[in-house]
Amino acid sequence: MGLELYLDLLSQPCRSIYIFARSNNIPFEFKHVELFKGSLLGKKPAAGSGAEQPRAGPSNSEGAGKVSLLKKVPALKDGDFTLAECTAILLYLSRKYNTPDHWYPSDIQKRARVDEYLSWHHANIRANAPKTMWIKVLIPLFTGQPLPSEKLQEVMEGLSTSLKQFEERFLQDKAFIIGSEISLADLVAIVELMQPVGVGCDIFEDRPRLREWRRRVEDAVGKELFFQAHEMILNIKELSNIQIDPQLKEQLAPVLMKMLK
């Protein structure tokens, strides 16, 4: 039995695992779990025009639930071994497939810097960047009403503070977070920061240091792979045309609103 990865490329952690596996030529079977199909949106995102796209099957969502005790993606199945959580999966893949040292360095201090960023990331970049998609696309889709502009402004201010810390504390004047080569820290960061870009909040436009870092990350993993992995999120606004069942709207709208409080 080969390696199976249960992923939805609308998810930032899933994209990091997908890019990492593909850029390191790790053989795996892509189990495409459509988080919104049959649960939220009921429509499959457009298939990509680049590398082969996974085809969703009705069993993949059920399979992910069986693989991950947490019943969410990303999830990994390697024979009888199963694993959840993005960082754990990335580290497992890097160790099993002996990927180049720069991803998760053997040097104890460089490795500590990767760990430091991954620990900081969740309460800072990840705490704000995904909310832009909920505010601009998903919540209006379910409620039928746009959120006040003040809500987006509040999120963008929090994200701006995190980006300032990211540039000054982690990136500094280096090419990548830990130095001259890309690491897991850069990969986890970039997929998160593409979430606002997908909904029209170009956080790179007025930040030349951040913009150049993004360009270097794209080059390091390969531009074709980078944009193929992000095709769904960069076309997320297409979801605004989907018709949602009224009963489903009534059930989920309060839950989504609560997420932003």
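Structure: above.
Residues numbered from 1 in each chain as written. Predicted model: local features only at pLDDT ≥ 70, side-chain atom pairs only at ≥ 80, totals over all residues. Heavy atoms only, no water.

A.B. asks: Hey, could you run me through unusual backbone geometry in this one?
C.D. replies: Most of the time, phi is negative for any residue but glycine, and the peptide bond is trans. Look at Asn 25: it is not a glycine, yet its phi comes out positive at around 55 degrees. Among the secondary structure elements, Asn 25 is positioned in the loop between α1 (12-23) and β2 (29-32). Phi is positive for Glu 85, close to 80 degrees, though the residue is something other than glycine. Note on placement: Glu 85 falls in the loop between β4 (81-84) and α3 (86-96). (Helix = DSSP H or I, 4+ residues; strand = E, 2+ residues; numbered from the N terminus.)

A.B. asks: What am I meant to see in the sheet that holds strand β3 (residues 75-78) here?
C.D. replies: With respect to topology, four strands assemble into an open sheet ordered β2-β1-β3-β4, the strand pairing being mixed. The outermost strands of the open sheet, each flanked by one partner alone, are β2 and β4. Strand-to-strand twist across the sheet, computed as the mean angle between neighbouring axes with direction ignored, equals 20 degrees. Judged from the four bridges that link them, strand β1 (residues 3-7) and β3 form a sheet pairing that is antiparallel. (Pairing = 2+ DSSP bridges. Axes fitted to C-alpha atoms, helices over the stretch in contact; angles between N-to-C directions.)

A.B. asks: I tried to follow α3 on my own but got confused; where do I start?
C.D. replies: Residues separated by three or four positions in an α-helix point in the same direction, a consequence of the helix having 3.6 residues per turn. Along α3, the positions that sit buried rather than exposed are Cys 86, Ile 89, Leu 90, Leu 91, Leu 93 and Ser 94. Asn 98 sits one or two positions beyond α3 and adopts a positive phi of about 45 degrees. (Buried < 20%, exposed > 50% of the residue type's maximum accessible area, 1.4 Å probe, protein only.)

A.B. asks: It is not clear to me how the environment of Thr 132 should be interpreted in this structure. Could you clarify?
C.D. replies: Mapped onto the elements of the fold, Thr 132 is located in helix α6 (residues 131-143). Separated by 20 residues in sequence, Thr 132 and Leu 152 place their C-alpha atoms 6.7 Å apart. When sequence neighbours within four positions are dropped, the list of residues in contact with Thr 132 reads Leu 152, Val 155, Met 156, Gln 195, Pro 196 and Val 199. One polar contact links the side chain of Thr 132 to the main-chain carbonyl oxygen of Ala 129, over a distance of 2.7 Å. (Contact = heavy atoms within 4.5 Å. Polar contact = N/O pair within 3.5 Å; in protein donor to acceptor, adjacent residues only side chain to side chain.)

A.B. asks: Even after reading the chapter, I still don't get the nonpolar core, so can you show me in this structure?
C.D. replies: The tendency in soluble globular proteins is for nonpolar side chains to be buried side by side. In terms of nonpolar packing, the biggest core is built from 75 residues, with Tyr 117, Phe 166, Ile 190, Phe 204 and Trp 213 touching the most fellow members. Considering every element that reaches this core, the biggest residue donor is helix α8 (residues 184-198), with 10 residues. For this core, the domains that each give at least three residues are domain 1 (3-39 + 58-99) and domain 2 (105-260). (Core = buried A, V, L, I, M, F, W, Y, C linked by side-chain atoms within 4.5 Å. Domains from an automatic or database assignment.)

A.B. asks: Looking at this structure, I do not really get the pattern of salt bridges. What am I missing?
C.D. replies: A side chain of one charge can pair with a side chain of the opposite charge when the charged atoms of the two come close. Applying the stated criterion across every chain, the model contains 12 salt bridges. Between Lys 164 and Glu 168 there is a salt bridge; the shortest N-O distance is 2.9 Å. Of this pair, Lys 164 and Glu 168 are both found in helix α7 (residues 149-171), four residues apart, which corresponds to roughly one turn of the helix. One continuous salt-bridge network, built from bridges that share partners, spans Glu 212, Arg 214, Arg 215, Glu 218, Asp 219 and Lys 223. (Salt bridge = Lys/Arg side-chain N within 4 Å of Asp/Glu carboxyl O.)

A.B. asks: What is the right way to look at the packing of aromatic side chains in this model?
C.D. replies: Scanning all chains against the criterion turns up 11 aromatic pairs. Between Tyr 117 and Phe 166, the ring centres sit 5.8 Å apart and the planes meet at 75 degrees, which makes this aromatic pair edge-to-face. In this pair, Tyr 117 sits in helix α4 (residues 108-123) while Phe 166 sits in helix α7, placing the two residues 49 residues apart along the sequence. Owing to a relative accessible area of 0%, Tyr 117 belongs among the buried residues under this scheme. Where Phe 166 meets Trp 213, the ring centres are 5.1 Å apart and the plane angle is 65 degrees; that geometry is what we call edge-to-face. (Phe/Tyr/Trp six-rings, centres within 6.5 Å; stacked < 30°, edge-to-face > 60°.)

A.B. asks: Before we go on, may I ask you to explain the packing of α8 against helix α9 (residues 208-221) in this structure?
C.D. replies: Packed helix pairs are characterised by how far apart their axes lie and by the angle those axes make with each other. At a minimum axis separation of 11 Å, α8 and α9 run at an interaxial angle of 115 degrees. Helix-helix and strand crossings are classified by hand; for α8 and α9 the assignment is left-handed. Residue-level contacts link Asp 186, Ala 189, Ile 190, Leu 193, Met 194 and Val 197 of α8 to Trp 213, Arg 214 and Val 217 of α9. The residue inventory of the contact of α8 with α9, partitioned by class, reads seven nonpolar, no polar and two charged. (Left-handed = near helix turned anticlockwise from the far one by under 90°. Nonpolar A, V, L, I, M, F, W, Y, C, P; charged D, E, K, R; others polar.)

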